[in-house]
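Summary of structural features
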2 protein chains.
Amino acid sequence: MNDLFSEIDDIFHSNSLAIYGVSRKGGLGNILLQGFIDQKFPKIFIINPKITESNVKILGIPVFSDLKSIGEPVDLVICSVHPKYVKDIIIECGENGVKAVIIFSAGFGEKGEEGKKAEEELIEIARKYRMRLVGPNCMGFYCPETGLSFFPALSTESGPLGFISQSGSIANILAFCSMLKGINFSKSISYGNGIDLGFNDFLEYLSDDPKTNLIGCYIEGVKDGRRFIELVKKIKKPIIIWKVGVTPAGEKAAHSHTGSLCGNDKLWNNIFNQYGVIRVYNLEEMISMIQAFINPMPVRACRIAIISGPGGPAVSSADACEMNNLKLADLTKESKMKLKEYIPEFGSSMSNPIDISLQATFDPILEKKTYEIVGKDPNVDMMLIYLTMLTPRYKDLINLQEEISKPIALVSAIDVNVSSDSFSNTVKRSFIQLRAKKVPGIIKNLNQSGISVHPNEYLAAKALYNIYQFYNKCGKSTLLKQ
Amino acid sequence: MNDLFSEIDDIFHSNSLAIYGVSRKGGLGNILLQGFIDQKFPKIFIINPKITESNVKILGIPVFSDLKSIGEPVDLVICSVHPKYVKDIIIECGENGVKAVIIFSAGFGEKGEEGKKAEEELIEIARKYRMRLVGPNCMGFYCPETGLSFFPALSTESGPLGFISQSGSIANILAFCSMLKGINFSKSISYGNGIDLGFNDFLEYLSDDPKTNLIGCYIEGVKDGRRFIELVKKIKKPIIIWKVGVTPAGEKAAHSHTGSLCGNDKLWNNIFNQYGVIRVYNLEEMISMIQAFINPMPVRACRIAIISGPGGPAVSSADACEMNNLKLADLTKESKMKLKEYIPEFGSSMSNPIDISLQATFDPILEKKTYEIVGKDPNVDMMLIYLTMLTPRYKDLINLQEEISKPIALVSAIDVNVSSDSFSNTVKRSFIQLRAKKVPGIIKNLNQSGISVHPNEYLAAKALYNIYQFYNKCGKSTLLKQ
């Protein structure tokens, strides 16, 4: 581990923090403060020069008029004030031995030349005091392990996902959406304009971070393309990137958002393909691919079996698989013979895609046995299973996975997080529903067993192909599983 | 209206039905029966030749050993028995003056030559008795207005959507998913192998049905291509088609599912493009496009404004719009001046895509005013609004729409149907959540105002482009709105 790793790791392990921009009347600073309180960050102070009385508290946190009056060292400062005050605060931080400042404030490089000049001044001050800067125009760090946070009410549970985002809101929204799918973070980083610590620094950090198993990223542009390429070439953990600014309109929007230059999109695609980076185009895809790479089962070929209770989705899933370069597996004669014992003769199909018919609706054994026979077939490398909704039968798949260790992707036509509240009592009587509160835990268990859950057959097929690609096309094949 | 229309309409308005395949021990027939009971179909009988005692009831419905013993006319018969019994039942129906039979049973044409021969026999018998057949290998009709149903527990509310599906399970799953989005049906038709009444018949029927405003379809293949083309050319209602069998693997799967021949996919695309048919590739897309065409606002150009609380999604939405051939609108100077009064100077963007900054999180006026200023801008033809989740502020949009009547598509990063149950109490305290039970009603109101809700920015942009296309490219421009 190099100096850069230690410097970033030290920020994540700050023992004390002070926040500028919290006021009696409330505002964004207060929301950020609530985030740290919710995560039980050990030692928090508020700095507000307008509050000169002693012993004032806001949200239970003591207020000081400046850093010095705290009377003890502060590791990290969060700066959520009007941009015109930022420079003086950075100087104050430097003078008081602060190690790092997260500049939440926007209004710098993304606003043009004057903002860029202001950024240069900040960097100069930071260098002078050997202090690191995150931002400006960012949300900073979320790390449940050490109590750092974005917005309030995020999960306090740690997990395998490291995330890096140029956009603070994307990092924040992903943290909320992830809670619903049982996806937890080692660290999430929003770096905004990245004038000091930038994307490549954090990518390198997460690649060395033992708590991070996979890396997700949202980027508009990257400053040092050469270093980026060297990093993705070297990094063995799965990297999933949502790169925007694909079109001229998106590129223009990115420029006014964080001042980014997006670069030629074809070039990006070539780099991603060459080094096994998984590319996604929206949040829904990001969550699908994260799930698939929480614990991807190693696989040498991509002969897929499709199992569907209903026949229609089986046909569409076959299309989705072929469009994603997967090959429909030929089941062995033995498997077909065994399937005949369970699958009804009519309204079904014993050849792949396997349509287990409407009978499955009220015959749980049929579903379980089909999973087993098909999952154990030596001609089958991976499975796509189309469900109307997630049912308690998911346990059969987790048990089976312990024997077969093959990539499995589920499609749930009805969003898995939809609670039985949304349905009438009649529906609740007719169908086995999982309780909404239990769903994130169930998806977490599925993901940890190498089973991902998707909103449609195209994302399921894409996820499976990406796993195959990861192990076979990019020289990363022997790396994940010991 | 022609004879065909009357014949199909008569089936939908059957006064009495008898169902074969219900037993004391339960099974698929009993599930179907429960569907009709849930929809309060007026007069139902069970036929089971094995039950010869009198006054037997199953699920409260009287059982007879044959049709004749009922002692009164039966309009419609549902046949859910082993395929070997179907022929005799069809003869019995013909002899007893039944008008139509829905053959739920599978095991016919989709199983090969012998099955096809059996189908021909059935058609011959039906012709002899001037009786119409639906199926085999289908779910039949769902019509809340008259009490016909697929599976139990479907919505009893009628609506503007007519749906035709070769696959029974797709029709059934869509009916469930639609409930969550407040989408209601005029009629939904699952016709399976379609040996007598087929896809084109139902398409023509729905185009003439005054209760149907838009038509959704799931098809694997179509028997009479020429008639299909004539129909889509003529029909003025929006038609959304999920055509599967796109790839060789899908085509093969379709053949074993309903015995369909899919045909050249490029040819299909040409027909769809030429006649303004909206093509979708999965259930999620189907639901997005249905929402967009419940009440599509007429539009002459496709200059779009993007509004996003957070900046990241604004950039990605700009990509999604350009990829879907929409043009980013240049707001008027007046609009920009007005926006300046509300949108904060930093962490935001006043030019399109409009990033109203994180401030929007706790400033509802900011969001409302932005919608108004942008929505009323004469340079803006349509709007895409990216939300983290649906909030009670949706009402502002419905009010605005009464003044502007422009196509609006919302993206909700968190699935709209996710109930607050899924979140911790902290989240519930921090965010305004709509109660899960109210969501379908809210989406219904939004859809009726010409506002659709989507799971990602690509579907939102695709929906808006399809509306533009519908009014401008396919000669259907003056038809929907008077």
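Residues numbered from 1 in each chain as written. Chains lettered and ligands numbered in written order. Predicted model: local features only at pLDDT ≥ 70, side-chain atom pairs only at ≥ 80, totals over all residues.

Let's talk about the overall build of chain A
Inclusion rule: Each helix corresponds to a stretch of at least 4 residues labelled H or I by DSSP, and each strand to a stretch of at least 2 residues labelled E; elements are numbered beginning at the N terminus. We compute the radius of gyration from the C-alpha atoms alone; for a globule the expected value is 2.2 Å times N to the 0.38, where N is the number of residues. Here exposure depends only on C-beta density: within 10 Å of a residue's C-beta, 20 or more other C-beta atoms make it buried, 12 or fewer make it exposed, and intermediate numbers make it partly exposed, the C-beta atoms being placed from the backbone. By definition, residue pairs are in contact when their C-beta atoms, positioned from the backbone, come within 7 Å.
Each helix and strand in chain A was counted, giving 17 helices and 19 strands. Over its C-alpha trace chain A gives a radius of gyration of 25 Å, about what one expects of a compact globule, namely 23 Å for 482 residues. Taking all 482 residues of chain A together, 60% fall into the buried category. Of all intrachain contacts in chain A linking residues separated by at least 6 positions in sequence, the fraction that spans at least 24 positions is 75%.

What about the interface of chain A and chain B?
Cut-off, in case you're wondering: When residues are sorted by character, Ala, Val, Leu, Ile, Met, Phe, Trp, Tyr, Cys and Pro go into the nonpolar class, Asp, Glu, Lys and Arg into the charged class, and all the rest, Gly among them, into the polar class.
Across the contact, 74 residues belong to chain A and 74 residues belong to chain B. At the level of secondary structure, the elements contributing two or more residues to the side of chain A that touches chain B comprise α2 (28–38), α5 (168–180), α8 (248–258), α10 (283–292), α11 (311–323), α15 (425–430) and α17 (457–472) of chain A. The biggest single contributor to the side of chain A that touches chain B is α11(A), with 11 residues. Taken together, the residues that form the side of chain A that touches chain B break down as 38 nonpolar, 25 polar and 11 charged.

As for the pairing of strand β6 (residues 100–103) of chain A
Residue and element names in this part refer to chain A. Note the threshold: Whether two strands pair comes down to DSSP finding at least two bridges between them. If the strands point away from the viewer and the path from the first strand over the helix to the second runs clockwise, then the crossover is right-handed.
Of the two faces of β6, the one lined by Ala100 and Ile102 and the one lined by Val101 and Ile103 are each fully buried. Strand direction decides the pairing type here: strand β5 (residues 76–79) and β6, joined by four bridges, are parallel. Each bridged residue has a counterpart across the sheet, and for Cys79 the counterpart in β6 is Ile103. Read from β5 through helix α3 (residues 86–95) to β6, the crossover connection turns out right-handed. Alignment of β6 against strand β7 (residues 132–134), held across three bridges, turns out to be parallel. In the strand pairing of β7, Ala100 is matched with Arg132. As a crossover connection, the stretch from β6 through helix α4 (residues 113–128) into β7 is right-handed.

Some thoughts on the sheet that holds strand β5 (residues 76–79) of chain B
Residue and element names in this part refer to chain B. Applicable threshold: Only the contacting stretch of a helix is used when fitting its axis, a line to C-alpha atoms as for every element, and angles between N-to-C directions run 0 to 180 degrees.
Across the sheet, which stays open at both edges, the seven strands sit in the order β3-β4-β2-β1-β5-β6-β7 with mixed pairing between neighbours. The open sheet is flanked by β3 (57–58) and β7 (132–134), the only strands paired with a single partner. Alignment of β3 against strand β4 (residues 61–64), held across two bridges, turns out to be antiparallel. Looking at β4, one finds that Lys57 is bridged to Pro62. Packing of helix α2 (residues 28–38) onto the sheet brings it into contact with β1 (17–20), β2 (44–47), β4 and β5, and relative to β1 it is tilted by some 160°.

Overview of the relation of the copies chain A and chain B
Two chain copies here: they are related by a rotation about an axis and a translation along the same axis. Cut-off, in case you're wondering: Fitting of the copies onto one another was done by least squares over C-alpha atoms, counting residues only where both copies have pLDDT of at least 70.
Note on the copies: chain A fits chain B at an RMSD of 0.0 Å, the axial shift is 0.0 Å, and the rotation between them is 180°. Each copy turns onto its partner about a two-fold axis. Every residue of chain A has its C-alpha some distance from the rotation axis, and the shortest such distance is that of Val418(A), at 2.5 Å. Comparing interface residues between copies, 100% of those in chain A also lie at the interface in chain B; the contact surface is shared.

Comments concerning the domain arrangement of chain A
All names here are of chain A. Here is the rule: Domain delimitation follows an automatic or database domain assignment.
Domains assigned within chain A are domain 1 (3–134), domain 2 (140–292) and domain 3 (303–472). Averaged C-alpha coordinates put domain 2 and domain 3 at centres separated by 30 Å. Counting residues at the interface gives 13 residues for domain 2, matched by 17 residues for domain 3. Among the secondary structure elements, those contributing two or more residues to the side of domain 2 that touches domain 3 are α5 and α10. For the side of domain 2 that touches domain 3, the leading source of residues is α10, giving six residues. A breakdown of the residues in the side of domain 2 that touches domain 3 according to their chemical character gives six nonpolar, four polar and three charged.

With respect to the sheet that holds β6(A)
Pairing is mixed across the open sheet formed by seven strands, whose spatial order is β3-β4-β2-β1-β5-β6-β7 (chain A). The strands lining the two open edges of the sheet, one partner per strand, are β3 (57–58) and β7 of chain A.

Overview of the nonpolar core
Just so we agree on the cut-off: Under the definition applied here, buried Ala, Val, Leu, Ile, Met, Phe, Trp, Tyr and Cys residues are grouped into a nonpolar core through C-beta atoms within 7 Å.
Counting residues in each nonpolar core, the largest one holds 326 residues, and the members touching the most others are Ile304(A), Leu464(A), Ile304(B) and Leu464(B). Setting aside residues up to four positions removed in sequence, Ile304(B) forms contacts with Cys321(B), Leu326(B), Lys327(B), Leu328(B), Ala329(B), Asp381(B), Met382(B), Met383(B), Leu384(B) and Leu464(B).

Brief notes about the pairing of strand β11 (residues 214–219) of chain B
All names here are of chain B. Among the six residues that make up β11, six are buried, leaving the element largely enclosed by the rest of the structure. Side chains of β11 alternate between two faces, with Leu214, Gly216 and Tyr218 and Ile215, Cys217 and Ile219 buried alike. Alignment of β11 against strand β12 (residues 239–243), held across five bridges, turns out to be parallel. By the bridge assignment, Ile219 is partnered in β12 with Lys243. In this fold, β11 hands off to helix α7 (residues 225–234), which returns the chain to β12; that crossover is right-handed.

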